[in-house]
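Below, each chain spelled out in residue letters.
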Amino acid sequence: YGDHLEARGWAFDAIGRSLSFIGNAVFVGTAVVHQAKINAGCLPEDVECTGVTQYGIRPSSFLALYNVIVGLASSALLPLLGAIVDHTSSRLFVARISAISYCILLFPMIFISQATWFAVAVLLIITALIGWIHTGMTFAYLPEMSDDKKTLERLNTSFTVIQFTTNVVYIVVVVGIAAGAGWMDDSLATARLAQSISFVITTAFWGIAWLKLMGPRPAMSQLPPEKHLLTIGFRTIYRTSIDIAKQHKALGWFYGALAFSESATQALLIIITTYSIELLNFSSSQAGVMYLIVLLSSVLGCYLSELSLRLLSPIRSNQLCIMSMALFTALAAAFVKDSHALFYMFASFWGVCGGWKYTIERYLAITIIPKNKDAELMGAYLFFGQILSWLPPLVFTALNEAGISIRISMLSLLIFWFIAVICLQVMGPYENALRQANEAVEDSSLVDNNTAEAVEEPESKQLSEAPS
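Quantities reported herein were computed from a predicted structural model and do not represent experimental measurements.

Undergrad: It is not clear to me how the overall build of the protein chain should be interpreted in this structure. Could you clarify?
TA: A count of helical and extended segments in the protein chain gives 17 helices and zero strands. Computed over the C-alpha atoms, the radius of gyration of the protein chain is 24 Å, within 12% of the 23 Å expected from 2.2 N^0.38 for a compact globule of 468 residues. In terms of its C-alpha atoms, the protein chain occupies a principal-axis envelope of roughly 90 × 50 × 40 Å. The buried share of the protein chain, reckoned over its 468 residues, is 49%. A sequence separation of at least 24 residues applies to 83% of the contacts in the protein chain between residues at least 6 apart.

Undergrad: Hey, could you run me through the nonpolar core in this one?
TA: The nonpolar side chains of a soluble globular protein tend to be buried, and buried together. Ranked by size, the top nonpolar core spans 54 residues in total, and within it Phe254, Tyr255, Phe343, Trp350, Ile368, Trp417 and Met427 carry the most contacts. Mapped by element, the contributors of at least two residues to this core are α8 (249–280), α9 (284–308), α10 (314–335), α11 (340–368), α12 (374–386), α14 (406–410), α15 (413–426) and α16 (430–456). With sequence-adjacent residues up to four places away left out, tryptophan 417 is seen in contact with Ser261, Ala264, Thr265, Leu268, Ile322, Met325, Ala326 and Thr329.

Undergrad: Can you help me understand the packing of α9 against α11 in this one?
TA: Helix-helix packing is described using two parameters, namely the angle between the two axes and the distance between the axes. Interaxial distance between α9 and α11 falls to 5 Å at its minimum, and their mutual angle equals 45°. The angle between α9 and α11 places the two elements in the oblique class. Of the two possible hands of crossing, α9 and α11 adopt the one that is right-handed. Here the residues of the contact of α9 with α11 sort into 13 nonpolar, eleven polar and no charged.

Undergrad: Is there a simple way to think about the side chain of threonine 135 in this case?
TA: Note on placement: threonine 135 falls in helix α4 (residues 117–141). In this view, threonine 135 contacts Arg17 and Phe21; residues no more than four positions away in its chain are not counted.

The rules behind these values
- Residues numbered from 1 in each chain as written.
- Predicted model: local features only at pLDDT ≥ 70, side-chain atom pairs only at ≥ 80, totals over all residues.
- Heavy atoms only, no water.
- Helix = DSSP H or I, 4+ residues; strand = E, 2+ residues; numbered from the N terminus.
- Rg over C-alpha atoms; globule rule 2.2 N^0.38 Å.
- Buried < 20%, exposed > 50% of the residue type's maximum accessible area, 1.4 Å probe, protein only.
- Contact = heavy atoms within 4.5 Å.
- Core = buried A, V, L, I, M, F, W, Y, C linked by side-chain atoms within 4.5 Å.
- Axes fitted to C-alpha atoms, helices over the stretch in contact; angles between N-to-C directions.
- Parallel < 35°, antiparallel > 145°, perpendicular 65-115°, else oblique.
- Left-handed = near helix turned anticlockwise from the far one by under 90°.
- Nonpolar A, V, L, I, M, F, W, Y, C, P; charged D, E, K, R; others polar.

Next comes the structure, spelled out in structure tokens:
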């Protein structure tokens, strides 16, 4: 990155983020569920533990409930984080405090055991919330890395490659060491190893990034005197939503589809992890292998997305992708009973659909968002992608706590994907969505031109033509 210190800092932050997020969600999360099964009076190898832990919930509900809490909190925090970025100069301070707090809380999770597993489960929730705050502050720096669009695209691509490579290398190293040490079936030992690596590297890289490389930022605009920092972000989201509903109907239906499809897709990883632990007795190492397969397969999905555009419109490609993901989920629930190989095969299918989905949705958003409102409406894109992230895991948890089989509970995701497909259908043809975006830009330009002409007209002429 040459002399671009903040680009180097952003890359360092991405490395720590990738390590710690996977370490927490995959390796430590799997170990927590195994220990919860023991606490509930089940053996780790028992299929669908029906016992209840001393904390009143089933072991198979822990990861989903964790996702519910994080999803609700992150949806509520997103407008506030936007307000902090827009109306204060505290971005660097919040990023530093969140980074320090996050790293401190990673350390005790190294000592996960049968005696500490519930405390670690609580720490997983707290670190996820702090991590979300930190991520919000970090991503606010990204569009400001360069004024040149091509340079920004190059930096964004390099950051994506760094995150992907970090994920792959981290999982391979952890699983490789676990295999060499004979810990493939020992979830606790693997979780401790993964968390030790995550703590050391994340603390080192984030320390360099946020204490030496990243700089402060002034407020982008002043907070209006009659407004409050805690509420202005929600007011902005409300005004944007009303504007979308009135003037950008196709975009509004796309955001509706995004809210439902993204919430179900985010929940899918948590639910299939629970499925693999409860029905297939996956260890932390095997869960890591599953995630590695999903990750590598997503690359193929990105290329498949590009190929689909030669045959289908982006809207139809998105629909086909979502329906494929729903089909593979239904088939997995029906046919995967005790075969690890078959489950790994479905993991590759989910990975392909995930890469396809994220690529085609970003392409749709970029092309149908009016160019004169891209900053505002891309912010709305992020918000609607997160707003329902708590709902599918909540439905899964409710069904699971009611004693319904995980196979059936997992099928609840199909409802959200079906609604997303319907929303995309209501969008209408892709050409209409493009036309709406272009008309919005033309109308805005016309208003700007008329305003400029009115300002330039002599005052006497304006007065003479004014209605009596």
